[in-house]
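Spelled out from the first residue to the last, the chains are:
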Amino acid sequence: MRAAAVVAVVAVVAVAAAGNPARAQDWTTAGYDAQRSSWVRAPGKISAASLRKPGFELLWKLGLADEASAARGLTPPMLLDLLIGYRGFRALGFVGAPSDRVVAIDTDLGRVEWDRRFAPDAPPARGSPACARAMTPNLARPTNPALPALIGGASRAAQAARGAVGDPGEGAVTLAQLAARRREAPRPAPAPPQSAAQRPAPRPFPVVYVLSSDGMLHTLNVMNGADAESPVSFLPPSANARGLIVVDDVAYVATSRGCGNIPEGVWALDLATKQVITWRASGGIAGALGLAIAPDGTIYVTTGDGRLVALEPRTLKPKRTYRSGGPGFVSSSVMFDRRGRLLIAAASRDRAIRLLDSRRTAFVRTPVTAHPLADLASWADTNDTRWLVAPAGAVVAWKVVEHDSVPMLQTGWVSRAAPAPLAAAVVNDVVFVLSRGPQPPLPAVLYALDGTTGQALWNSGATIAPAAHAGLSAGGSQVYVATGDGTLYAFGFPMEH
């Protein structure tokens with residue numbers, strides 16, 4: 001009887017966890033969240049203060065290459081930090097590998113949970129079979145489009161604790177703080193709700209979505225990798241897809257030039273009706289992260305001819321086009337809230353960043369940097385100062401300030417500790433960046449920088465093999481590096497098992 005009760009409780013908790021699209025610290029899509037901020041803010045062990053002390057180190061590494069996929073790289077893992085099921089409490093990561101392979105890993109133990117391959121019965125209609133074999137599946141978990149709350153996080157946890165009970169007649173302190181924040185920053189209007197007939201039936205378990213090289217979208221049970229639903233046709237075979245994201249039961253992805261000769265644009269798949277809608281980008285899609293999604297569901301995409309295009313959710317009908325007034329964009333857009341206003345930033349081909357207040361029509365441009373820019377990351381410190389971080393030969397950070405009520409970018413710091421940096425990921429108040437190293441034979445190095453000063457806090461030394469060229473992901477107080485030789489590295493603070 002007692003065992004049956006325990007099983008029932010675990011099942012109920014698993015269902016409840018499945019109903020929540022993602023925990024605050026789950027990396028669910030390229031760039032972490034719908035706004036592509038690459039900023040994980042959640043209670044945990046990682047902070048600038050903790051990185052100044054010994055203890056942060058390599059926890060495990062796992063070789064996932066085989067003869068077919070060696071030297072072709074892995075995707076940074078999508079994360080599920082808390083899974084409560086019939087096997088107890090688990091933390092999982094989902095990695096895409098070439099040859100249409102997906103691997104689930106227990107991120108606490110560094111152990112493979114399941115391994116799934118998607119092998120089309122026939123060669124793709126477009127593009128060569130060799131091209132398809134070299135492709136890495138796009139992965140995503142359901143993502144909440146709301147702006148993540150600026151609460152919690154190791155940097156705030158370091159402040160003096162305050163009780164939740166206020167003074168007599170005041171009510172709960174947390175409620176008063178929430179009300180004040182809402183007065184200062186009104187939330188954007190939510191997207192229209194779906195009818196019951198439009199929404200897919202709720203699932204009793206979490207899922208991970210996989211877009212394979214044949215253009216099929218697979219919905220997998222995270223516990224065992226089995227099909228939770230029948231695969232659905234999404235893209236033409238061998239499309240060069242990037243930035244798969246699933247928001248409000250719609251899957252979106254961008255396509256760019258490459259295998260299959262597929263037109264560049266944005267694609268939307270309604271998971272209830274299975275209908276596919278396409279918007280074509282005449283100037284090409286900019287950035288490795290594809291599209292970004294605002295809290296009201298509006299989709300923003302940057303193009304190579306200098307446009308920022310706003311599209312309606314689901315229908316992909318153009319709502320508005322903003323022109324940079326200069327050369328084309330080279331990065332996807334990143335979005336964040338600034339005192340109730342939605343700001344959008346992207347890097348352009350002239351080595352500058354363009355910043356847009358969504359309620360205005362003109363971009364504000366930063367001074368030119370010494371090196372080309374890549375995709376941006378955005379975070380806010382404990383004083384609610386907003387920062388943008390980008391690799392530009394060195395790692396460069398800008399503060400968002402205001403001049404005559406117009407948002408501007410002011411250079412904050414430049415760190416030359418990480419040569420030839422790749423895209424950054426931020427955990428609480430720590431900027432992590434992967435460097436290729438001064439020369440290809442030397443090991444790649446993961447650096448941790450203080451987000452407010454750029455001071456070097458820690459680096460991985462010679463731990464990582466020279467083949468690293470992938471991006472980063474983070475969550476659950478761990479940082480992950482996926483390398484070109486098919487190895488996944490996990491860094492964090494050791495814990496007892």
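Described in the following lines is the structure provided in the data block.

1. Considering the overall build of the chain
Move 1: Counting secondary structure elements, the chain contains 5 helices and 33 strands.
Move 2: Within the chain, the fraction of its 497 residues that count as buried is 53%.
Move 3: Considering only contacts in the chain between residues 6 or more positions apart, those separated by 24 or more positions represent 52%.
Move 4: Carbon and sulfur atoms make up 54% of the accessible area of the chain, which totals about 21,100 Å².

2. Quick look at the packing of aromatic side chains
Move 1: Applying the stated criterion across every chain yields a total of 10 aromatic pairs.
Move 2: Each ring, one from W458 and one from F491, has its centre 5.6 Å from the other, and the planes form 65 degrees; the classification is edge-to-face. Of this pair, W458 sits in strand β30 (residues 456–459) while F491 sits in strand β33 (residues 487–492), placing them 33 residues apart in sequence. Assigned by exposure class, W458 and F491 land together as buried.
Move 3: The rings of F56, F432, W458, F491 and F493 are connected pair by pair, giving a single aromatic cluster.

3. Structural notes on the side chain of Q35
Move 1: Tracing the sequence through the fold places Q35 in the loop between α1 (2–19) and β1 (39–40).
Move 2: Within the local environment of Q35, its side chain forms a polar contact with the backbone oxygen of P145, the two atoms lying 2.8 Å apart.
Move 3: With residues near it in sequence (within four places) discarded, Q35 still touches P145, A146, L147, P148, A292, I293, A294, P295, S333, V334 and M335.

4. What about the sheet that holds β30?
Where strands meet in a sheet, backbone hydrogen bonds hold them as pairs that are either parallel or antiparallel.
Move 1: Pairing within the open sheet is mixed, and its 5 strands lie in the order β1-β27-β28-β29-β30. Only two strands of the sheet have a single neighbouring strand rather than two, namely β1 and β30.
Move 2: Where strand β27 (residues 421–427) lies against strand β28 (residues 430–435), 5 bridges are found, and the strand directions are antiparallel. In the strand pairing of β28, A424 is matched with V433.

Rules used throughout
- Residues numbered from 1 in each chain as written.
- Predicted model: local features only at pLDDT ≥ 70, side-chain atom pairs only at ≥ 80, totals over all residues.
- Heavy atoms only, no water.
- Helix = DSSP H or I, 4+ residues; strand = E, 2+ residues; numbered from the N terminus.
- Buried < 20%, exposed > 50% of the residue type's maximum accessible area, 1.4 Å probe, protein only.
- Contact = heavy atoms within 4.5 Å.
- Areas by Shrake-Rupley, 256 points an atom, 1.4 Å probe, with all protein chains shown as cover.
- Phe/Tyr/Trp six-rings, centres within 6.5 Å; stacked < 30°, edge-to-face > 60°.
- Polar contact = N/O pair within 3.5 Å; in protein donor to acceptor, adjacent residues only side chain to side chain.
- Pairing = 2+ DSSP bridges.

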